[in-house]
Amino acid sequence: MRVLVADDHAAVRAGIVMILDGADDIEVAGEAADGEEAVAMARELRPDVVLMDVRMPRLDGISATRELAGECDVLILTTFDVDEYVFGALRAGAAGFLLKNTDADTLVEAVRVVARGDGLISPSVTRRLISAFASRPAQREPDELARLTPREREVLACVARGLSNAEIARELDMAEATTKTHVSRLLNKLGLKSRVQAAIYYPS
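We now turn to the structure provided with this report. (Residues numbered from 1 in each chain as written. Predicted model: local features only at pLDDT ≥ 70, side-chain atom pairs only at ≥ 80, totals over all residues. Heavy atoms only, no water.)

## Overview of unusual backbone geometry
And step 1. Its identity is not glycine, yet Arg58 carries a phi of approximately 65°, on the positive side.
And step 2. Mapped onto the elements, Arg58 comes out in the loop between strand E3 (49-52) and helix H3 (61-68).
And step 3. With relative accessibility at 58%, the residue Arg58 sits in the exposed group.
And step 4. Although it is not a glycine, Asp173 sits at a positive phi angle of roughly 55°.
And step 5. Following the sequence through the fold, Asp173 ends up in the loop between helix H8 (165-172) and helix H9 (176-190). (Helix = DSSP H or I, 4+ residues; strand = E, 2+ residues; numbered from the N terminus. Buried < 20%, exposed > 50% of the residue type's maximum accessible area, 1.4 Å probe, protein only.)

Structure, rendered in C-alpha cells:
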C-alpha cells in the first residue's frame, strides 16, 4: 500500500517515514510540508492513505481532508487531542484519527486498517466521541435510509457498531469484497464521506 505523509515539521515527517519504511507492505509515495502540497500530491500520486497533520501552513489538515474526501482515505495524525480537531476531522471525512504519541506498531497497523477501508479512532478519544453522540436527543430515522436496500441497512447497522469489513462479512455471511461494495454504495446514497461519518449518522 502507498502512503503520503503530510506534516510541516521535517523531523517529524522523517520519523514517520522511517517507521513506515520498516513495514514490508507499505511504501511512502511522497512527503508534503503543508496542506496545499498534500492535496496536490495526493491527487497526483493517488496514494492509498494520506497521513495528515492538523496544524500546517497555507492550508490546515482538516481543510485539506475536506478537499480530498471521496478521493482517498485520510488518517489524521496529530499532537492535539481536542474536540475541535476530532469532530472537525470526522466531519471533513477523515477515515481515522490518531495521536502522535502512538507507538510505531500501532501507527503501522492503523495505516493498514484505513487502507483496508475500515475506520479507526484513537482509544483516548473514543470515549469522548461516544459520550458526545450518546448525549444527543433521540432522533427519528433519517428519510434517506429508505433509499438503502435491506442488505445495505444491515451493513450500515454493523458499521455503526464499529465492525470492520471482515467482521461484517463474517456476521452477514458474505464475501469481504461484497461488504466493501455495500459500504461504498450506502455512503454514496447517504452523501457521506467515510464509514466513521456513517457510524455517527446512524440513528441510535
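Anyway, onward from the coordinates.
## Comments concerning the sheet that holds strand E6 (residues 120-121)
And step 1. Read from one edge to the other, the open sheet built from six strands follows the order E2-E1-E3-E4-E5-E6, with strand pairing classed as parallel. Bordering the open sheet on either side are strand E2 (27-32) and E6, each of which pairs with just one other strand.
And step 2. Two elements, strand E1 (residues 2-6) and E3, share four bridges in a ladder whose sense is parallel. Across the sheet, Val5 pairs through a bridge with Leu51, a residue of E3.
And step 3. Against the sheet, helix H2 (residues 35-45) engages E1, E2 and E3, with an angle of about 145° to E2. (Pairing = 2+ DSSP bridges. Contact = heavy atoms within 4.5 Å. Axes fitted to C-alpha atoms, helices over the stretch in contact; angles between N-to-C directions.)

## Some remarks on the pattern of salt bridges
Once their charged atoms are close, side chains differing in charge can pair, the charge on each being opposite to the other.
And step 1. Considering all chains together, one arrives at 15 salt bridges under this definition.
And step 2. Taking the shortest distance from any N to any O, the salt bridge between Glu71 and Arg43 comes out at 3.1 Å. Residue Glu71 is found in the loop between H3 and strand E4 (73-78), and its partner Arg43 is found in helix H2; the two are separated by 28 residues along the sequence.
And step 3. Take Glu71: its relative accessible area is 36%, and that puts it in the partly exposed class.
And step 4. Here Arg46 and Glu71 are joined by a salt bridge, their closest N and O atoms 3.9 Å apart. Placement of Arg46 in the loop between H2 and E3 and of Glu71 in the loop between H3 and E4 is noted, with a sequence separation of 25 residues between them.
And step 5. Residue Arg46 is classed as exposed on the basis of its relative accessible area, which comes to 51%. (Salt bridge = Lys/Arg side-chain N within 4 Å of Asp/Glu carboxyl O.)

## With respect to the packing of helix H1 (residues 10-21) against helix H5 (residues 104-115)
And step 1. At a minimum axis separation of 10 Å, H1 and H5 run at an interaxial angle of 75°. What the angle tells us is that H1 and H5 run roughly perpendicular. Within the contact between the two elements, H1 uses Ile16, Ile19 and Leu20 and H5 uses Ala104, Leu107, Val108 and Val111.
And step 2. When grouped by side-chain class, the residues that make up the contact of H1 with H5 number seven nonpolar, no polar and no charged. (Parallel < 35°, antiparallel > 145°, perpendicular 65-115°, else oblique. Nonpolar A, V, L, I, M, F, W, Y, C, P; charged D, E, K, R; others polar.)

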